[in-house]
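Chain by chain, the residues run as shown.
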Amino acid sequence: MSQELQINIGFIGAGNMAKAIGEGLIDSGRIKASQLYISAPSDRNLGSWKKLGAHTSNKNGFVVENVDLVFLAVKPHILDLAIEDIKATLSHPVADKLFASVLAGMPLDVLEKKLCEVVSRARVVRVMPNTPMMVGAGVSVFSAGCMATPDDLALIKNILSVGGICEVVPESLITPVGAVAGSGPAFVYIMIEALSDGAVKMGLPRAMATQFAAQTVLGAAKMVLETGRHPGQLKDEVCSAGGTTITGVHAMERGGVRSALMDAVEAAARRSEELCPKK
C-alpha cells in the first residue's frame, strides 16, 4: 500500500473529474475518505461522496478553511460564482492556501488574480488530469503559478501520479494535452463502440464484442507504451501482404478515420481556447 498522506484535500465541485481524483486517491490507500471535503451548490452530486465517508457541504468556504489543498473542479463559467461563495461562507479569514485548478482554458494569471482577492497568498497550480485516473491509467500534467513552491509541486505530482503518469509542462502545453488526454477517452470510447458494432454486425454477441474490442484497444496501447515502437511500425507488423488487416486499414483510410481523429483533437483544443477569458 502507498504511504498515506497526512493532509486534508478539498474539492469545490463534485463532478466526474473530482471523483476521478478523489476515488483514485482512496483506492490507492493514499488517503481516507474522511480526509476529503467536498462542496457543491446542491446535494445532487454529493450523495456518492457522503456514502464514501467524505465531508460534504453546500458552502465553498467550509472546504477552503478545512483543507490543505483545494481542487477547483467547476465549469469555467462558474468560477466567479464559486469564488464569491468562498468569500461569503468563510467563517474566518484565510490568508494562505494551495489551489489546484482543473478548469479548461483558465490561465494561471487569471486564476491567481481572482483567488488572491479572497485568499491573499493563494498559491495556484493548473492541472489537467483525465477520468481514467479512476482505474490507475490516467494522464495528468500540471504547471505552476508564480507563488507555488517546490513543495507544492512535489505534493501535486505525488497526488496525481497515483492515477497514472504525471508530468510538469509549460502552461502553453496544457491545452493540447487536454485535447488529446482529457477529451481523448471519449474519442476512444467511440472507437470501442464502433469496433463492437462491427463485430455484432458480423455475428458476435454484444457482450463478447464489447469485451474483445475494449481488450484489443488496451492491448494495442500497451504495445505502444511497452515496446517503444512507433504506432505505424506496429500497424505494419499486423498487416500482411494482401491480407485481411490491410484491407480493413484501407477501409478506415477511405472513411477518413485518421483525419477525423486529428480534427477532433484540434476542435477540442480550439474550444478550450474559446473558454479562456479575454484579457
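Everything quoted here is computed from the prediction, not taken from an experiment.

Draft legend 1. Structural view of the overall build of the chain. Secondary structure assignment for the chain yields twelve helices and eight strands. Referenced to the eigenvectors of the C-alpha coordinate spread, the extents of the chain come out at roughly 75 × 40 × 35 Å. Counting only residues that meet the buried cut, the chain has 41% of its 279 residues in that class. When the accessible area of the chain is evaluated, it comes to approximately 15,100 Å², of which 60% is carbon and sulfur surface. Between the centroid of the 27 positive side chains of the chain and the centroid of its 27 negative side chains there is a distance of 3 Å.

Draft legend 2. The arrangement of the packing of aromatic side chains in detail. Within the structure shown, the criterion is met by three aromatic pairs. Geometrically, the ring pair formed by Phe11 and Phe71 is stacked, given 5.1 Å between the ring centres and 15° between the ring planes. Taken together, the positions of Phe11 in strand 1 (residues 9-12) and Phe71 in strand 4 (residues 69-72) put the pair 60 residues apart, joining distant regions of the chain. Look at Phe71 and you get buried, because its relative accessible area is 1%. Ring pairing ties together the aromatic residues Phe11, Trp49 and Phe71, which thus form one cluster.

Draft legend 3. Molecular detail of the packing of helix 7 (residues 174-182) against helix 12 (residues 257-275). At a minimum axis distance of 8 Å, the contact between helix 7 and helix 12 shows a crossing angle of 135°. Classified by the angle between their axes, helix 7 and helix 12 sit oblique to one another. The chirality of how helix 7 crosses helix 12 is right-handed. Between helix 7, through Thr175, Ala179 and Val180, and helix 12, the contact on the second element is made entirely by Val265, Ala268, Ala269, Ser272 and Glu273. Here the contact of helix 7 with helix 12 is built from residues that sort into five nonpolar, two polar and one charged.

Draft legend 4. A look at the environment of Phe71. For the pair Phe71 and Leu103, spaced 32 residues apart in the sequence, the C-alpha separation amounts to 9.7 Å. Once residues lying within four places of it in the same chain are set aside, the contact partners of Phe71 are Ile9, Gly10, Phe11, Ile12, Ile21, Ala100, Val102, Val127 and Ile159.

Draft legend 5. Representation of the pairing of strand 6 (residues 121-128). Of all eight residues in strand 6, seven are buried; the element is thus mostly enclosed. Summarising the sheet, strand 5 (residues 96-101) and strand 6 pair through six bridges and their orientation is parallel. Bridge assignment links Lys97 to a residue of strand 6, and that residue is Ala122. Each parallel crossover has a hand, and for strand 5 linked through helix 5 (residues 108-116) to strand 6 it is right-handed. In this structure, strand 6 lies alongside strand 7 (residues 138-144), joined through four bridges in antiparallel fashion. Among the inter-strand pairings, Met128 is bridged to a residue of strand 7, identified as Val141.

Draft legend 6. Representation of the side chain of Ser57 in the model. Tracing the backbone through its elements, the reader meets Ser57 in strand 3 (residues 55-57). Owing to a relative accessible area of 13%, Ser57 belongs among the buried residues under this scheme. Apart from the residues lying within four places of it in its own chain, the contact partners of Ser57 are Ile38, Ser39, Ala40, Leu46 and Phe62.

Draft legend 7. Geometry of the side chain of Ser196. By the secondary structure assignment, Ser196 is in helix 8 (residues 184-201). A relative accessible area of 2% places Ser196 in the buried class. Beyond its immediate chain neighbours, meaning those up to four positions away, Ser196 contacts Arg206, Ala209, Thr210 and Ala213.

Draft legend 8. How the structure looks around the pairing of strand 8 (residues 164-168). Pairing geometry for strand 7 and strand 8, over five bridges, is parallel. Residue pairing for strand 8: Gly138 is matched across the bridge by Gly164. Between the parallel pair strand 7 and strand 8, the chain is carried across by helix 6 (residues 150-161), and the sense of this crossover is right-handed.

Conventions we followed
Residues numbered from 1 in each chain as written. Predicted model: local features only at pLDDT ≥ 70, side-chain atom pairs only at ≥ 80, totals over all residues. Heavy atoms only, no water. Helix = DSSP H or I, 4+ residues; strand = E, 2+ residues; numbered from the N terminus. Buried < 20%, exposed > 50% of the residue type's maximum accessible area, 1.4 Å probe, protein only. Areas by Shrake-Rupley, 256 points an atom, 1.4 Å probe, with all protein chains shown as cover. Lys, Arg positive; Asp, Glu negative; His and termini not counted. Charge placed at Lys NZ, Arg CZ, Asp CG, Glu CD. Phe/Tyr/Trp six-rings, centres within 6.5 Å; stacked < 30°, edge-to-face > 60°. Axes fitted to C-alpha atoms, helices over the stretch in contact; angles between N-to-C directions. Parallel < 35°, antiparallel > 145°, perpendicular 65-115°, else oblique. Left-handed = near helix turned anticlockwise from the far one by under 90°. Contact = heavy atoms within 4.5 Å. Nonpolar A, V, L, I, M, F, W, Y, C, P; charged D, E, K, R; others polar. Pairing = 2+ DSSP bridges. Right-handed = clockwise from strand over helix to strand, strands pointing away.

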